[in-house]
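# Examination of the molecular architecture
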Amino acid sequence: FSSPWNNEKTGPTAWMPPVLPAILAACLWVCDGNKDAVMAIVIFLQAYVLVGTGILVLALARQTTTRIWAVAAALVFVIGAVCNFRLWFQNTHDCWIVVLAVDLVIVGFCWCRPLQGWKSAVGWGLLGGLCAMINPIVALTWGVLSVAVMIRERAWYRFGIAALIAALTLTPWIVRNYLVFGRLIPVKSNAAYELYQSQCRQKDGLLRDFNGHPYGSAGPERQRYKEVGEMKFIDEKREIFWNAVAADPLDFADRVACRCLGATLWYVPFNRHETTTRPWSVWTYRVLHPLPFLALLFLGVTVLWRRLHWVQWGVMGVYLLYILPYIGVSYYERYAMPLLGVKVLLVLWAADRLLELLWFGFDRLRLKMPA
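In this report, the structure presented in the accompanying data block is examined.

## Notes on the pattern of salt bridges
Throughout the structure, instances matching the rule amount to 13 salt bridges. A salt bridge links Arg224 to Glu227; the shortest N-O distance between them is 3.3 Å. Separated by three residues within a single helix, Arg224 and Glu227 lie in helix α10 (residues 220–228), roughly one turn from each other. Arg224 sits in the partly exposed class, given a relative accessible area of 27%. Residue Glu227 is classed as exposed on the basis of its relative accessible area, which comes to 60%. With a shortest N-O distance of 3.7 Å, Glu274 and Arg278 are connected by a salt bridge.

What follows is the structure, encoded as structure tokens:
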């Protein structure tokens, strides 16, 4: 944790949550500094987390639909992975570990009855703390689902145990940040920069390139970071962001609306030139991209006709809880990758319910026809 930018030692950092850097450091230690071996390990983990997500989708599909729909789930999952081929198979980042955290939260919520006893509450709390140190948005998702389970099972005491264990799990990292930076940083420090970047460096609020980002190049931003340190750098960006919002609040609202549209209905590639260099790929994804959100809306409407399974409510909640903070702060396509399995399930359930509804209407029409 001496720098978030390549191999430059610029001082202590809390820019990233601690779990992924700790895993990479452990792999470097085990492999005696061989970066090619570490790369192979990370690619292996990313590939098999994707495989595990597919298995999770199939299991939930079989639990909530017929076997035919389980086969359809496999097909839709493959299509979803191929649509993000570059990000899944030609790039390594933190997506695989965030996907793993999302998957574990769904598994715990759907099958493990996390607040059934004090032992399961302890395990659930450990998972919550670990999720927080992987991605704070997943921790938020864990927290809201925990409250839902608490209310459903009236497990007030066991919920308290889980919350306490999650807080204790996260405490060493919080203490480290306070000792190093002199302020309370629960998980990561860069939220203000994300807000600044979306508000002041992007035309429409959707991220497009990292050329001006301290990570993207050794330009003025990185030099300023090195000069003043992480905390002052973040404070400067926070002040610029709030000044921009105060000067034009409607512009901020407009950017949030653009992010909402980009995250749900209208696909915008991170590399904007792909609209001309790869138009077939962009338009294919523009057809597929809105399906999960439309499926979510359709499932919500059909509650008036037929109740949803508890698992379906949970997965719908994961989708909303995960995507809404990114809409409010900062968004581009990579941020939504951990929802691959969730999106496949939403599309599958909506298609299942739509065909059932159409068949029910056709059957009623057939009964009314004269012999």
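On we go from here.
## Focus: the packing of aromatic side chains
The full count for this structure, using the stated rule, is 18 aromatic pairs. Ring plane angle 35° and centroid distance 4.5 Å describe the contact between Phe270 and Tyr332, whose orientation is recorded as tilted. Taken as a pair, Phe270 in the loop between α12 (249–264) and α13 (274–277) and Tyr332 in the loop between α16 (310–329) and α17 (340–368) lie far apart in primary sequence, 62 residues in all. The pair Phe270 / Tyr332 is uniform in exposure class, with both members buried. Positioned above the aromatic ring of Trp310 is the side chain of Arg152, whose terminal nitrogen or guanidinium carbon lies 4.0 Å from the ring centre. Looking at Arg286, its charged tip hangs above the ring of Trp283, at a distance of 5.0 Å from the centre.

The rules behind the values
Residues numbered from 1 in each chain as written. Predicted model: local features only at pLDDT ≥ 70, side-chain atom pairs only at ≥ 80, totals over all residues. Heavy atoms only, no water. Salt bridge = Lys/Arg side-chain N within 4 Å of Asp/Glu carboxyl O. Helix = DSSP H or I, 4+ residues; strand = E, 2+ residues; numbered from the N terminus. Buried < 20%, exposed > 50% of the residue type's maximum accessible area, 1.4 Å probe, protein only. Phe/Tyr/Trp six-rings, centres within 6.5 Å; stacked < 30°, edge-to-face > 60°. Lys NZ or Arg CZ within 6 Å of the ring centre and 35° of its normal.

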